[in-house]
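Remarks on the overall topology
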Amino acid sequence: MSDSKNLMRRLVEADSEVAQLIDAEGRRQHDKIRLIASENYVSQAVMEATGTLLTNKYSEGYAGKRYYEGQQLIDEVEELAISRAKSLFGVDHANVQPYSGSPANLAVYLAFAQPGDTVMGMSLPMGGHLTHGWSVSATGKWFNAVHYGVRKDTGRVDFDEVAELARQHRPKLIFCGGTAIPRTVDFAAFAKIAQEVDAILVADIAHIAGLVAGGAHPSPVGHAEVVTTTTHKTLRGPRGAMLMSTEERAKALDKAVFPGLQGGPHNHTTAAIAVALREAATPDFADYATRIVANAKALAAALTERGFDLVSGGTDNHLILADLTSKDIGGKPAAKALDRAGVELNFNTVPFDPRKPFDPSGLRIGTAAVTTRGMTEADMPKIAAWMDDAISAAHDGQEDKLDDIAGQIRDFCAAYPIPGWTE
């Protein structure tokens, strides 16, 4: 019996309905080409850590300073995760307790700003994140948010605009990074501007943390005083988050996480983060990070050959942002059709998008998950062809063709098993 089936055995006996849904999700993840840029496949070891009896323990506080007894081994788990994060990223301080990326970013505001203070980040439609001060987020409601964007002609950050806005508004915090940025983040350029206006530079590397860890993207360490990240995406860990910083900023961040925003950490997640960080410190992971970027570049080139317009003309990392205007179809119907055809991704706003956010012009594409499965540069033209055929079929109303493509993709994916699920 496989490890995954053995782990599910008791669940099947206790709650067959939930077990069936989980198994069906496993098949769905196996049978599709998953190109959502924020998703990945974690290892069997990471999955097993998240399912341990560590979930039984409540551990409000920090190692050596807990509010409940019986923390001797929990402290060791958390300290191990912290030491691995510090070593992997080369930082003075790490906090592994944030429940996810948005609370981690909110902790930064709580640590270093007061309601009404001015903060600056990339505009959401240009590729930033909700928690970088966008209007519908608490961070946009509680703080005076100023936003920078990208140049229309290049699709890249306009640092003249960033510098001008920073000098004019003197923000307390400047966020760099985001959720739909296909190019290398110039941390040094942001740091120079932040230093000039006496702002704290916060690097949100949620999407690229695995690439940074694997040496496939420059590190923000030494430029940004504070670094926030999720632990999934390219880092290939559980659904959690970390805050990293200089020693000077450590105490304020820790107080913001607890008691500022959270109670007890999720100890099973902390253990899984520790496992993922150990995996990310290996030569195999560095090779994986390099292959993610190689696959993204190959896929971008293949899509360009098929007439897709890519924001900024391509990619430097794991992420591709395609503008479908020239294909005469919106991002949402295209994404729905691709899902039916066996390609999973998400519709996304593109810079200067004339369409509404829930029906935008673009698609966001990422190569972390397919790279984990072992797909290579040689497979990317085939994936691009399926995508092009599915979008053309959706445009022409040929829905039967989508089912045919899905069958081809199921056959293709059968050669690439996924951790945690077997037929």
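Bear in mind that the values here come from a model prediction, so they are computed numbers and not experimental data.

It is worth spelling out the pairing of strand β8 (residues 200–204) at this point. Judged by how many residues are buried, β8 sits mostly within the fold: five of five residues are covered. Judged by which residues are buried, β8 turns out to be covered on both faces: Ile 200, Val 202 and Asp 204 on one side and Leu 201 and Ala 203 on the other are all buried. In terms of strand pairing, strand β7 (residues 173–176) meets β8 through four bridges, oriented parallel. Directly across from Cys 176, in β8, lies its bridge partner Ala 203.

Here we come to the sheet that holds strand β12 (residues 319–323). The strand order across the open sheet formed by four strands is β11-β12-β15-β14, and the pairing between neighbours is antiparallel. Each having just a single partner strand, β11 (309–310) and β14 (346–348) make up the two edges of the open sheet. The pairing of β11 with β12 spans two bridges and is antiparallel. When the bridges of β12 are listed, Leu 310 appears paired with Ala 322.

Moving on, we get to the domain arrangement of the protein chain. In terms of domain boundaries, the protein chain breaks down into domain 1 (51–281) and domain 2 (291–414). The C-alpha centroid of domain 2 is placed 29 Å from the C-alpha centroid of domain 1. When the area that domain 1 buries against domain 2 is broken down by residue, the three leading residues are Pro 182, Arg 183 and Leu 211, summing to 32%. With a closest N to O distance of 2.9 Å, Arg 183 and Asp 316 form a salt bridge. Our count for the domain 1 to domain 2 interface comes out at ten residue pairs in polar contact (both at pLDDT 80 or more). The class makeup of the residues in the side of domain 1 that touches domain 2 is nine nonpolar, six polar and five charged.

Turning our attention to the packing of helix α7 (residues 159–169) against helix α8 (residues 187–196). It is the contact of α7 with α8, at a shortest axis distance of 9 Å, that shows an interaxial angle of 20 degrees. Put simply, α7 runs roughly parallel to α8. The two elements α7 and α8 meet at a crossing, and its hand is right-handed. Listed contacts from α8 to Phe 159, Val 162, Ala 163, Ala 166 and Arg 167 of α7 are Ala 189, Phe 190, Ile 193 and Glu 196. Its residues placed into classes, the contact of α7 with α8 shows seven nonpolar, no polar and two charged.

Turning next to the packing of aromatic side chains. In this structure the tally under the stated criterion is eleven aromatic pairs. Between the aromatic rings of Tyr 67 and Phe 258, the centroid separation amounts to 5.8 Å while the plane-to-plane angle is 65 degrees, which identifies the pairing as edge-to-face. Of this pair, Tyr 67 sits in the loop between β3 (65–66) and α4 (72–89) while Phe 258 sits in helix α10 (residues 247–261), placing them 191 residues apart in sequence. Through successive ring pairs, a cluster of aromatic residues spans Tyr 62, Tyr 67 and Phe 258. Sitting over the face of the ring of Tyr 41, Arg 34 holds its NZ or CZ atom 4.5 Å from the ring centroid. Arg 236 extends its terminal NZ or CZ atom over the ring of Tyr 288, reaching a point 3.8 Å from the ring centre.

Along its 18 residues, α4 runs 26 Å from first to last C-alpha, staying within 8% of the 26 Å computed at 1.5 Å per residue. By the burial criterion, the buried members of α4 are Ile 74, Asp 75, Glu 78, Ala 81, Ala 85, Leu 88 and Phe 89. Where α4 is buried, its residues touch β2 (61–62), β3, β4 (93–95), α9 (209–213), β10 (241–245) and α11 (267–280). Phi turns positive, to about 70 degrees, at Gly 90, one or two residues after α4.

So, about unusual backbone geometry. Most of the time, phi is negative for any residue but glycine, and the peptide bond is trans. Following Phe 258, the chain continues into Pro 259 via a peptide bond in cis, with omega recorded as 10 degrees. Note on placement: Pro 259 falls in helix α10. Positive phi is not limited to glycine here, since Asp 198 has a value of about 60 degrees. Of note, Asp 198 is situated in the loop between α8 and β8.

In this section: the pattern of salt bridges. Overall, the coordinates contain 21 salt bridges when judged by the stated rule. For Asp 31, the salt bridge goes to Arg 27, with nearest N and O atoms at 3.6 Å. With a gap of four residues between them, Asp 31 and Arg 27 both fall in helix α2 (residues 16–31), about one helical turn apart. The exposure class of Asp 31 is buried, given its relative accessible area of 14%. On the accessibility criterion, Arg 27 (35% relative accessible area) is partly exposed. Across the pair Lys 327 and Asp 388 runs a salt bridge, and its minimum N-O distance is 3.3 Å. Residue Lys 327 is located in the loop between β12 and α13 (331–341), and its partner Asp 388 is located in helix α15 (residues 380–396); the two are separated by 61 residues in the primary sequence. Each member of the pair, Lys 327 together with Asp 388, is buried. Here the salt bridges do not stand alone but share partners, grouping Glu 25, Arg 28, Arg 34, Glu 39 and Glu 344 into one network.

About the thresholds
Residues numbered from 1 in each chain as written. Predicted model: local features only at pLDDT ≥ 70, side-chain atom pairs only at ≥ 80, totals over all residues. Heavy atoms only, no water. Buried < 20%, exposed > 50% of the residue type's maximum accessible area, 1.4 Å probe, protein only. Helix = DSSP H or I, 4+ residues; strand = E, 2+ residues; numbered from the N terminus. Pairing = 2+ DSSP bridges. Domains from an automatic or database assignment. Buried area = accessible area lost by both parts, 1.4 Å probe. Salt bridge = Lys/Arg side-chain N within 4 Å of Asp/Glu carboxyl O. Polar contact = N/O pair within 3.5 Å; in protein donor to acceptor, adjacent residues only side chain to side chain. Nonpolar A, V, L, I, M, F, W, Y, C, P; charged D, E, K, R; others polar. Axes fitted to C-alpha atoms, helices over the stretch in contact; angles between N-to-C directions. Parallel < 35°, antiparallel > 145°, perpendicular 65-115°, else oblique. Left-handed = near helix turned anticlockwise from the far one by under 90°. Contact = heavy atoms within 4.5 Å. Phe/Tyr/Trp six-rings, centres within 6.5 Å; stacked < 30°, edge-to-face > 60°. Lys NZ or Arg CZ within 6 Å of the ring centre and 35° of its normal. Expected span 1.5 Å × (residues − 1).

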